[in-house]
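Reading the structure
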Amino acid sequence: MAGKWLDEAVFYEIYPQSFKDSNADGIGDINGIIEKLDYIRELGCDAVWMNPCFDSPFVDAGYDVRDFYKVAERYRTNEDLKRLCTAMHEKGMHLILDLVAGHTSVECEWFRQSCLPEKNKYTDRYVWTDTVWNAPNNVGNIMGWLRGGYDRDGSAAVNFFTAQPALNYGFAVKDEGCDWEQSVDDEGPMSTRAELKNIMKFWLDMGVDGFRVDMAGSLVKNDPGSQGTISLWQDIRKWLDREYPDAVIVSEWGEADKALKAGFDMDFVLHFGPSHYPDLFRTEHPYFAGHGSAEAFFDVYLNNLAKTKDGNGLICIPSGNHDMYRLARTLTPDEIRIAFAFLLTMPGIPFIYYGDELGMNYVEGLHSKEGGYYRTGSRSPMQWDRSVNAGFSNAPASMLYVPQDTAHMDQINAETEMNDPDSIWNEVRRLIALRQQHPSLSGRSDFRMINYHGYPLVYERSSGTERILVILNPSENDIRMDTGTAGTVLYSFAQKEIRDHVIPAKSAFIILQ
Ligand code: GLC
Ligand code: CA
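Domain boundaries in the protein chain define domain 1 (4-101 + 189-435), domain 2 (103-168) and domain 3 (444-512). Relative placement of domain 2 and domain 3: their C-alpha centres are 53 Å apart.

A word on the coordination of the calcium ion (ligand 2). Looking at the calcium ion (ligand 2), one finds its protein donor set to be D21 (OD), N23 (OD1), D25 (OD), I27 (O) and D29 (OD), positioned 2.2 to 2.4 Å from the metal centre. Here the donor residues of the calcium ion (ligand 2) share one chain and are spaced in sequence as D-x1-N-x1-D-x1-I-x1-D.

On to the site of ligand 1. Neighbouring ligand 1 are 13 residues, the closest being D60, D214, E252, H322 and D323. Here an oxygen atom of ligand 1 sits 2.6 Å away from a polar atom, N or O, in the side chain of E252. H322 is positioned with one of its side-chain polar atoms (N or O) 2.8 Å from an oxygen atom of ligand 1. For ligand 1, the protein covers 97% of the area, taking 310 Å² as the surface of the free molecule. Of the pockets mapped on this structure, ligand 1 occupies the largest pocket. Taken together, the residues of the shell around ligand 1 break down into three nonpolar, three polar and seven charged. Structurally, the shell around ligand 1 is a two-domain feature, drawing no fewer than three residues from each of domain 1 (4-101 + 189-435) and domain 2 (103-168).

Spatial strand order, β11-β10-β9-β8-β5-β2-β1-β12: eight strands in an open sheet with parallel pairing. Single-partner strands in this sheet number two, and they are β11 (314-316) and β12 (351-353). Within the sheet, the average angular offset between the axes of one strand and its neighbour, ignoring direction, is 25°. Bridge count for strand β5 (residues 94-100) against strand β8 (residues 210-214) is five bridges, and the pairing is parallel. Bridged to I96 within β8 is G210.

With respect to the secondary-structure elements, R386 resides in the loop between β12 and α12 (414-418). For R386, a relative accessible area of 55% corresponds to the exposed category. Between the alpha carbons of R386 and H285 there is a distance of 34 Å; along the sequence they are 101 residues apart. Among residues more than four places away in sequence, those in contact with R386 are D410, N413, E415 and T416.

Before going further, it helps to examine the layout of surface pockets. The calculated volume of the largest pocket comes to roughly 510 Å³. Contributing to the lining of the largest pocket are 27 residues, with M143, F160, M215, E252 and F272 lying nearest its centre. Viewed by domain, the lining of the largest pocket spans two of them, domain 1 (4-101 + 189-435) and domain 2 (103-168), each represented by three or more residues. In this structure, the second largest pocket encloses a volume near 220 Å³. Taken together, 19 residues form the lining of the second largest pocket, with A397, L400, V402, P403 and Q404 sitting closest to its centre. Of the residues belonging to the lining of the second largest pocket, the class tally is nine nonpolar, six polar and four charged.

Residues in a regular strand project their side chains so that they alternate between the two faces of the sheet. Most of β5 sits inside the fold, with seven of its seven residues counted as buried. Pairing between strand β2 (residues 47-50) and β5: four bridges, direction parallel. Within the sheet, the bridge partner assigned to V48 lies in β5 and is L95.

So, about the packing of helix α4 (residues 78-90) against helix α6 (residues 187-206). Each pair of packed helices gets described by two things: the angle between the helix axes and the distance between those axes. Close contact between α4 and α6 brings their axes to 9 Å; oriented N to C, the two are set at 60°. Classified by the angle their axes make, α4 and α6 are oblique. In this structure, α4 uses N78, L81, K82 and C85 to contact α6, whose residues at the interface are F202, W203 and M206. The residue inventory of the contact of α4 with α6, partitioned by class, reads five nonpolar, one polar and one charged.

Next up on the list: the nonpolar core. Core analysis: the largest hydrophobic core is formed by 154 residues, its most contacted members being Y12, L81, W233, F288 and F342. Element by element, the count of residues in this core is highest for helix α11 (residues 333-343), at seven residues. Within the second largest apolar cluster, nine residues are counted, among which are V127, A157, A166 and W180.

A few words on the packing of α6 against helix α7 (residues 227-243). For the pair α6 and α7, the least separation of the axes is 11 Å and the interaxial angle reads 35°. Here α6 and α7 pass one another in a crossing that is right-handed. Within the contact between the two elements, α6 uses R193, L196, K197, M200, K201 and L204 and α7 uses L232, W233, D235, I236, W239 and L240. Each residue belonging to the contact of α6 with α7 can be placed in one class, and the counts come to eight nonpolar, no polar and four charged.

What follows concerns unusual backbone geometry. Between Y455 and the following residue, P456, the backbone shows a cis peptide bond with an omega angle of -5°. Mapped onto the secondary structure, P456 falls in the loop between β13 (446-451) and β14 (457-463). Positive phi values are uncommon outside glycine, yet H501 reaches one of about 60°.

What follows deals with the sheet that holds β13. Ordered in space as β13-β14-β15-β19-β17, the five strands form an open sheet in which the pairing is antiparallel. Each edge of the open sheet is held by one strand with a lone partner, namely β13 and β17 (488-492). Across the sheet, the mean angle separating the axes of adjacent strands is 20° when strand polarity is ignored. Taken together, the four bridges between β17 and strand β19 (residues 507-512) define a ladder with antiparallel strand orientation. Considered in β19, the bridge of T488 is made with L512. Packing against the sheet, α11 makes contact with β14, β15 (466-473), β17 and β19, and its axis sits at approximately 150° to β15. The strands that helix α13 (residues 424-437) touches are β17 and β19; relative to β17, the one it contacts most, it runs at about 145°.

The full count for this structure, using the stated rule, is 45 aromatic pairs. Residues Y277 and F281 carry aromatic rings whose centres are separated by 5.7 Å and whose planes lie at 80° to one another, so their mutual orientation is edge-to-face. With respect to class, Y277 is no different from F281; both count as buried. Look at Y287 and Y455: their rings are 4.3 Å apart centre to centre, the planes differ by 10°, and that puts the pair in the stacked class. Here Y287 is found in the loop between α9 (278-281) and α10 (295-307), whereas its partner Y455 is found in the loop between β13 and β14, with 168 residues between them in sequence. The lysine or arginine in question, R125, covers the ring of W110, its NZ or CZ lying 4.8 Å from the ring centre.

Analysis parameters
- Per chain, residues are indexed from 1 in the order of the written sequence.
- The order in which chains are written sets their letters, starting at A; the order in which ligands are written sets their numbers, starting at 1.
- Confidence filtering applies because this is a predicted model: local features only for residues at pLDDT of at least 70, side-chain atom pairs given and counted only at 80 or more, and all residues used for totals across whole chains, interfaces and linings.
- Excluded from the side-chain calculation are hydrogens and water; included are all heavy atoms of the structure.
- Start and end points for every domain follow an automatic or database-based domain assignment.
- Coordinating donors are taken as N, O and S atoms within 2.8 Å of the metal, stretched to 3.2 Å for Na, K and Ca; because water is absent from the atoms, sites can appear incomplete.
- Proximity is defined per residue: if any heavy atom of the residue lies within 4 Å of a molecule or strand, that residue is considered near it.
- A 3.5 Å cut-off defines polar contacts: any pair of N or O atoms within that distance qualifies, except that in protein one atom must be a possible hydrogen donor and the other a possible acceptor, and neighbouring residues in sequence count only when both atoms are side-chain atoms.
- For every accessible area listed, the method is Shrake-Rupley and the probe measures 1.4 Å; residues are considered covered only by the protein chains on display.
- For cavity detection a 1 Å grid was placed over the protein atoms alone, and a set of points counts as a cavity when a 1.4 Å probe fits there but cannot get out; an open set counts as a pocket when protein lies on both sides within 12 Å along at least five of seven lines, with lining residues being those that have an atom within 4 Å of a point.
- Each molecule is assigned to a cavity or pocket provided more than half of its atoms lie within 2 Å of the corresponding grid points.
- Gly falls in the polar group here, along with every residue not listed as nonpolar (Ala, Val, Leu, Ile, Met, Phe, Trp, Tyr, Cys, Pro) or charged (Asp, Glu, Lys, Arg).
- Paired strands, as defined in this entry, are two strands with at least two bridges between them according to DSSP.
- Each helix is a run of H or I in the DSSP string that is no shorter than four residues. Each strand is a run of E no shorter than two, and both are numbered from the N terminus.
- Interaxial angles span 0 to 180 degrees and are taken between N-to-C directions of axes, which are lines fitted to C-alpha atoms, for helices over the stretch in contact.
- Burial classification: accessible surface area is computed with a 1.4 Å probe over protein chains only, and a residue below 20% of its type maximum counts as buried, one above 50% as exposed, and the rest as partly exposed.
- Contacts between residues were defined by any pair of non-hydrogen atoms, one from each residue, lying within 4.5 Å.
- Grid points are joined across faces, edges and corners, and a volume is the space filled by probe spheres set on the points.
- Any angle that falls under 35 degrees is termed roughly parallel, while one over 145 is termed roughly antiparallel, one within 65 to 115 roughly perpendicular, and all others oblique.
- Residues grouped as a nonpolar core are buried Ala, Val, Leu, Ile, Met, Phe, Trp, Tyr and Cys residues, joined through side-chain atoms within 4.5 Å.
- Crossing handedness is defined as follows: a turn of the near helix away from the far one that is anticlockwise and smaller than a right angle gives a left-handed crossing, while the clockwise case is right-handed.
- Aromatic pairing here means that ring centres of Phe, Tyr or Trp (its six-membered ring) are within 6.5 Å. Orientation follows from the plane angle: under 30 degrees is stacked, over 60 is edge-to-face, and everything else is tilted.
- Counting as a charge over the ring demands two things of the Lys NZ or Arg CZ atom: a distance within 6 Å of the ring centre and an angle within 35 degrees of the ring normal.

Structure, rendered in structure tokens:
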């Protein structure tokens, strides 16, 4: 199992394009991140997940990698990344990179070689059918096919957008008599797997602390129950445990039962998959807006949590990410505060998407940028202060990666909020500090659900002799409930109080018992 540091970590997700531009070209870069490490530290976060920073034509914001061993020029150089690792380690922080394990860009040299009719080292690096006329529907984990445009007579499987051909890790179940489907342990799939380890090795040797793995469950094709993909990751985990025992791997899988079995240290609940995570924050009537239900979410979550009891793995409930609408689209500022009281007191490791700590808005109506589509509005440049472009960049506003939320930048920015004790930023900072002071609130400490039917949400965290009760009432009603609330109130949103067992509307309490 990976580094102990993970159990206590609080992560901050950085979308590098939009965090801080240090050279006035309108796009964030690694030096910009280095400049802002103290900001992240001051908030209380001590680990960072950075979205893909590798060489790419940016058809999908860098999730279409052209060269896995090279930092994209817009973010500058491998040397800069190395400096970022060093700077973070000096501050007691950790960095995980985004590993796009399932596909590359069509511009990747491996793919170019793979498209040649002559057999070469990369012929089997991707999933190809036997002729261009063969492109079967409904093959598990294949999203479509690239057909024509290449001299090789075959169709290449696509993992996501059409510019993202699927790497070949083999098929778990092969159709009878079908010889283009390769087995997981055939030479081609095994060499892809070896290359994946090489990529991991390259960046771990440079000093990164691990990876968030993109579409981690998608690797093996036609893989009922994900058995093939699970075994593949178990093999990688074994290798990591041997060679890089401190490395952390976090999966974008969205099915903790599978991901943790596969050897990931943590899996995310996500806006897709069976988790019901959107019910909490992002439906038309989300639970944290006070008119929803968290029942379906907790039915799945509690079931998965029970499976982590053997100490293998964590489940992360993120504040958001670069693929989801921002919290502020569906929650009011007060509701965001209550949501953070939840996110920062749950088991697993919190991940805060840059700008969520300010209550940054989803920017409506933006033109899609780099394959963002609806996601583009959640990827607008960070709002630092009241200077030009909210302190993100000295480039002309028209050159910014994505337009900013100009209507609200004067109020919603880091500098203004850091100076206002009642801001969302300060609320988040207080909650992180509380989490870090109390062993009961850490990632693996015990969790006991008390009520998730309607409102309020009540649960207990404990470790050793310490017990902490969390009561969250995002609804508009005062609710009478005997929750056994005697104890020291460590945190109460807006200084509300519980009197005669009445939990006030729009309140959050963290009570040491
Ligand atoms: C993941 C990423 C997303 C990307 C996709 C394809 O879901 O989070 O941004 O578009 O994978 O790589
Ligand atoms: Ca820049």
